[in-house]
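An overview of the molecular structure
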Amino acid sequence: MAMARRSASHLPSSFRPFSLLLQPHLADSPSPAAAAAAASARRAMSALRARDEKDVARWRESMARMRNIGISAHIDSGKTTLTERVLYYTGRIHEIHEVRGRDGVGAKMDSMDLEREKGITIQSAATYCTWKDYQINIIDTPGHVDFTIEVERALRVLDGAILVLCSVGGVQSQSITVDRQMRRYEIPRVAFINKLDRMGADPWKVLNQARSKLRHHNAAVQVPIGLEEEFEGLVDLVEMKAYKFEGSSGQNVTASDVPLNMEDLVTEKRRELIEVVSEVDDQLAEAFLNDEPITANQLKAAIRRATVAQKFIPVYMGSAFKNKGVQSLLDGVLDYLPCPLEVDNYALDQNKSEEKVLLAGTPAEPLVALAFKLEEGRFGQLTYLRIYDGVIRKGDFIYNVNTGKKIKVPRLVRMHSNEMEDIQEAYAGQIVAVFGVDCASGDTFTDGTVKYTMTSMNVPEPVMSLAVSPISKDSGGQFSKALNRFQREDPTFRVGLDAESGQTIISGMGELHLDIYVERIKREYKVDAKVGKPRVNFRETITQRAEFDYLHKKQSGGQGQYGRVCGLPATSQQRNGVWDSWTVKKRQENNSHKYIEPLPSGSDGKFEFDNMIIGQAIPSNFIPAIEKGFREACNSGSLIGHPVENLRIVLTDGASHQVDSSELAFKLAAIYAFRQCYTSAKPVILEPVMKVELKFPTEFQGTVTGDMNKRKGIIVGNEQEGDDTIVVCHVPLNNMFGYATAIRSVTQGKGEFTMEYLEHNVVSQDVQMQLVNSYKAAKGTE
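Summary of the structure given here.

1. A closer look at the overall build of the chain
- The secondary structure content of the chain amounts to 20 helices and 40 strands.
- For the chain, the exposed surface amounts to about 35,800 Å²; the carbon and sulfur share of it is 48%.

2. A few points about helix α19 (residues 739-746)
- Those residues of α19 that fall on the buried side of the exposure criterion are Y739, A742 and I743. Looking straight down α19, one finds its buried side chains confined to an arc of 95 degrees; they lie on one side. Set apart from the buried face of α19 by more than 90 degrees, the exposed residues are T741 and S745.
- Contacts from the buried residues of α19 go to β37 (683-697), α18 (701-710) and β40 (752-762).
- Phi turns positive, to about 55 degrees, at Q748, one or two residues after α19.

3. Concerning the sheet that holds strand β7 (residues 222-225)
- Taken together, the four strands give an open sheet; going across it, the order is β7-β8-β9-β10, and neighbouring strands pair in antiparallel fashion. Taken across any chain shown, the strands that pair with only one partner, and hence form the sheet edges, are β7 and β10 (252-256). Here the average twist between neighbouring strands, direction ignored, is 30 degrees.
- Relative to strand β8 (residues 233-236), β7 runs antiparallel, the two sharing four bridges. Following the sheet pairing, I225 is matched in β8 by G233.

4. Comments concerning the pattern of salt bridges
- Scanning the entire structure with this criterion turns up 35 salt bridges.
- Residues D422 and R411 are paired through a salt bridge, measuring 2.8 Å at the closest nitrogen-oxygen approach. Of this pair, D422 sits in strand β20 (residues 419-422) while R411 sits in strand β19 (residues 411-416), placing them eleven residues apart in sequence.
- Residue D422 is classed as partly exposed on the basis of its relative accessible area of 44%.
- Overall, R411 belongs to the partly exposed group, its relative accessible area being 21%.
- Notably, a salt bridge pairs R539 with E645, separated by 3.4 Å at the nearest N-O pair. Taken together, the residues R539 in strand β30 (residues 539-542) and E645 in the loop between α16 (623-633) and β36 (647-655) connect sequence positions 106 residues apart. Of the two residues examined, R539 and E645, each falls in the buried class.
- Members of the salt-bridge network, linked through shared partners, are R485, E489, R520 and E524.

5. Some details on the packing of helix α4 (residues 79-89) against helix α12 (residues 326-336)
- The interhelical angle for the contact between α4 and α12, taken along N-to-C directions, is 85 degrees, at an axis separation of 10 Å. Classified by the interaxial angle, the pair formed by α4 and α12 is roughly perpendicular. Between α4, through L82, R85, V86 and Y89, and α12, the contact on the second element is made entirely by V326, Q327, L329 and L330.
- Looking at the contact of α4 with α12 residue by residue, the classes come out as six nonpolar, one polar and one charged.

6. What to know about helix α11 (residues 296-308)
- For α11, with 13 residues, the first-to-last C-alpha span of 18 Å sits near the 18 Å given by 1.5 Å per residue.
- Taken together, the buried positions of α11 are L299, A302, I303, R304, A306, T307 and V308.
- Looking at the buried residues of α11, the elements they touch are β1 (66-73), β5 (189-194), α9 (263-278), α10 (282-289), β11 (313-317) and α12.

7. Section: the environment of G247
- Looking at where G247 falls in the secondary structure, it is placed in the loop between β9 (241-246) and β10.
- For G247, a relative accessible area of 48% gives the class partly exposed.

8. Concerning the pairing of strand β27 (residues 504-508)
- Extensive coverage of β27 is indicated by the burial of five of its five residues.
- The side-chain alternation of β27 yields two buried faces, one formed by T504, I506 and G508 and the other by I505 and S507.
- With five bridges joining them, strand β25 (residues 464-470) and β27 adopt antiparallel strand pairing. Considered in β27, the bridge of V468 is made with T504.
- As defined by bridge partners, strand β26 (residues 494-497) adjoins β27 across four bridges and the pair is classed as antiparallel. When the sheet's bridge partners are listed, L497 is paired in β27 with T504.

9. Section: the pairing of strand β15 (residues 380-389)
- With nine of ten residues buried, β15 lies mostly within the body of the structure.
- Here β15 pairs with strand β22 (residues 431-435) via five bridges, running antiparallel. Within the sheet, the bridge partner assigned to R386 lies in β22 and is I431.

10. A look at the packing of aromatic side chains
- Counting across every chain of the model gives ten aromatic pairs.
- Arranged with centres 5.6 Å apart and planes meeting at 65 degrees, the rings of Y88 and Y89 form a pair that is edge-to-face. Each member of the pair Y88 and Y89 is classed as buried.
- Between the aromatic rings of F622 and F666, the centroid separation amounts to 5.1 Å while the plane-to-plane angle is 35 degrees, which identifies the pairing as tilted. Of this pair, F622 sits in the loop between β35 (607-611) and α16 while F666 is found in helix α17 (residues 663-678), placing the two residues 44 residues apart along the sequence.
- Aromatic rings pair up to connect F486, F493, Y517 and Y525 into one cluster.
- The positively charged end of K269 is found above the aromatic ring belonging to W204, 3.9 Å away from the centroid.

Definitions and limits used
- Residues numbered from 1 in each chain as written.
- Predicted model: local features only at pLDDT ≥ 70, side-chain atom pairs only at ≥ 80, totals over all residues.
- Heavy atoms only, no water.
- Helix = DSSP H or I, 4+ residues; strand = E, 2+ residues; numbered from the N terminus.
- Areas by Shrake-Rupley, 256 points an atom, 1.4 Å probe, with all protein chains shown as cover.
- Buried < 20%, exposed > 50% of the residue type's maximum accessible area, 1.4 Å probe, protein only.
- Arc of directions from axis to C-beta.
- Contact = heavy atoms within 4.5 Å.
- Pairing = 2+ DSSP bridges.
- Axes fitted to C-alpha atoms, helices over the stretch in contact; angles between N-to-C directions.
- Salt bridge = Lys/Arg side-chain N within 4 Å of Asp/Glu carboxyl O.
- Parallel < 35°, antiparallel > 145°, perpendicular 65-115°, else oblique.
- Nonpolar A, V, L, I, M, F, W, Y, C, P; charged D, E, K, R; others polar.
- Expected span 1.5 Å × (residues − 1).
- Phe/Tyr/Trp six-rings, centres within 6.5 Å; stacked < 30°, edge-to-face > 60°.
- Lys NZ or Arg CZ within 6 Å of the ring centre and 35° of its normal.

Shown next as structure tokens:
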């Protein structure tokens, strides 16, 4: 009974079991009750238990009618346009506005002025709508690679996704990145081939590209009626019906029989759909192999099972801009993407050494919610939450597991782009936002009865830096406020201080990423910033093992500092080195045997410190100081002052003095020893290499590839697509500044490119010499 009471207390008020009202009264009943009264009480309890079961059935049905989806794609594939149509057809908005529209309004989900001016999505935006009595929570994400963290954190909390592909452009570079992110978080998805009204549209080419480039096990569930200017509607291969979208905004969907001239094609494509699904669904395979007729319900159930299990991706088609196919896609979201109850979400139990725990995903469990996105709103910090278990109510106290703080929920809202609707409570499966909760992105909240944390998301490292400073000294406070806010909101945006020049350095994922933030500082905080030349985030590393012998000594009266670190064999270590009369009397010195070596390729970390001392040659309380010294030394290599990574430091022997040894002495000895041996380890410079995808008319192929060769690009892929050539190459980021202007000039404005970070690679010897000389010259002038 106590368990029932505790578990039910987490339910929303609309789902609270009424039997709890009777339980205290029954507990007070005298034990020697009459048989009739006992029987009556049993009947009452039985009736109320049945009512409790109805309440459980109610919230189960409520969650079964919920979908949490994201819309992701390559830039300019029509994600925001598609979301605009979804909101219109579901009644959330009453007018359709275009991205970068002439009416000056712009798409609903692009609420930021910069988004409407540039015609791109910069921040992911959340909304919700209702379609056929199902609640759909939608997150529209950016397509530009510079804002990939927005896609990453949206997919982290979603149950399903729509991957939008352009029927002309096909599978492009960011399509591959987004699909990789969906695989990382095991997101079931449907594909939507958009822009069938455009000249050159070829959905079957795109479908085959998805199979070859994305390794999708997919098949079309629709066949278009006409293409380009003749695109009229779609044939549903499951129901075997033709649908046309009529009215000024395509709001009137009319069903009819399959056109006679398409019967052969439709029959062939339906058989292909059944074959592909049969390969991953045993029930459908059995019926297919027995040559039994496959009904629409059988096929629909099989597609759902395979999609939820991530074994199959149904492919829808249409044109969001021409208002065709969006309603069918919404039906597909309901039919084939999972509800919150069908997705396994795991938490880490901090009370049991981060043991993995499967969350039930029900309102009856203790609260578990993840803060996945932060925004600075008009009323303070707005924190987006995905609720995995339990219920959250306005006025409740919740606990931040990561910080241990107890926080009251002052305001609870549901988001509709930049608008919000106040609500009193929300339960498992929902995506909501709270005001006035101080936390960081990735923090987990509970009701205090459990200590669970959700697994963190993947955050890529920044690849580019800029020096920025406010033009007016009076605006320094607002400038710092802006940087602090953006750093909290965006994990890929980093702010640092150059120790030598004293300049503020901002780092991000690319030129556009940093340009947007500089522009936002100007618009939102009225601070004009002076921007320096873009700086590439180089790294340094070592290529061979090196040993060292360094003696650190200092005496200024009183206790001295004496530390010696060496990389010679232990037998040849001198334990009686002469310093002065004060030192001669010391029987032991700070003395350790160490070496550094490069980490093997494929290692998870970038820095390893191994303490291999046997016994107490160096007291264990000094070991952290030695590690800290080496970590500090790695922050700035001697070649060009950039961080050193991919190295392992081994400590095997040493000695300490009971009076003069200190944490500071060992830390300084480690720093100077690293600097002494660094040159012997043959250091090299690593530079970020970008994967660049170029698309341009074939007539310019010689000029474009010649320009790429000048930029030291390595061409790894080349294919023809109609009159266009698509070239994929790996190019150092340092050689890609200003390329947007360069490609336009050599292709008469007809070429385009996308770029994403690939890896850090060793620079050539001549480039290394040039970078080292530039660094020395810059230091010499300071």
